[in-house]
Amino acid sequence: VQQLGMPLSHEEYQQFFRLFGTAHLASKTCLLRMLYGCKNPLIQRLDKYENHGVIPEGPICSELPGIPLFPDFCTFSFYRCLKKKYFIKV
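Owing to the predicted nature of the structure, the values given are computational and were not obtained by experimental measurement.

Okay, the nonpolar core next. Formed by Ile60, Leu64, Phe70, Phe73, Phe76 and Tyr79, the largest nonpolar core amounts to 6 residues. Of all the secondary-structure elements, those providing two or more residues to this core are β1 (60–64) and α4 (73–83). No other element matches α4, which puts 3 residues into this core. Beyond its immediate sequence surroundings of up to four residues, Leu64 is in contact with Phe70, Tyr79 and Ile88.

In C-alpha cells form, the structure reads like this:
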C-alpha cells in the first residue's frame, strides 16, 4: 500500500499514462496547466491521482542531475512541461 502523497510506482505510472496514450495528450495537459495553473480542478485531480490522492506540499526531491529539489509539486510539474519530460517522477 502506497502512502498518501507519494509518487505512483512504476506499474501505476504505466496505468496512469495509458490515460494519455501518447506524449501528445500529455502535452495537451501541460497546455491546460500553463493556461489555467495548478489550481485548475482537472489539473488538481490529475496531480492527486499521480500522488495517491494528495498533492505533495513543500520541497519535492528530484533525481534530476543538477536539480535536487523543487519548492513544490506545481513547480516540478511546470518543469516537466517546459522540458517536455512528461513522464519523469521523483
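The full count for this structure, using the stated rule, is 2 salt bridges. Here Arg33 makes a salt bridge to Asp47, at a shortest N to O gap of 2.6 Å. Of this pair, Arg33 sits in helix α2 (residues 23–36) while Asp47 sits in helix α3 (residues 41–50), placing them 14 residues apart in sequence. Each member of the pair, Arg33 as well as Asp47, is classed as buried.

What follows deals with the packing of aromatic side chains. Within this structure, the stated rule accounts for 3 aromatic pairs. Ring centres 5.3 Å apart and planes at 65° place the aromatic pair Phe70 and Phe76 in the edge-to-face group. Accessibility assignment for this pair places Phe70 and Phe76 in one class, buried. Measuring from ring centre to ring centre gives 5.2 Å for Phe70 and Tyr79, while their planes differ by 50°; the resulting arrangement is tilted. Across the pair, exposure class does not vary: Phe70 and Tyr79 are buried alike. Among the aromatic residues, those joined into a ring-pair cluster are Phe70, Phe73, Phe76 and Tyr79.

The rules behind these values
Residues numbered from 1 in each chain as written. Predicted model: local features only at pLDDT ≥ 70, side-chain atom pairs only at ≥ 80, totals over all residues. Heavy atoms only, no water. Core = buried A, V, L, I, M, F, W, Y, C linked by side-chain atoms within 4.5 Å. Buried < 20%, exposed > 50% of the residue type's maximum accessible area, 1.4 Å probe, protein only. Helix = DSSP H or I, 4+ residues; strand = E, 2+ residues; numbered from the N terminus. Contact = heavy atoms within 4.5 Å. Salt bridge = Lys/Arg side-chain N within 4 Å of Asp/Glu carboxyl O. Phe/Tyr/Trp six-rings, centres within 6.5 Å; stacked < 30°, edge-to-face > 60°.

From the geometry alone we can't say anything about function, so treat these as descriptive.
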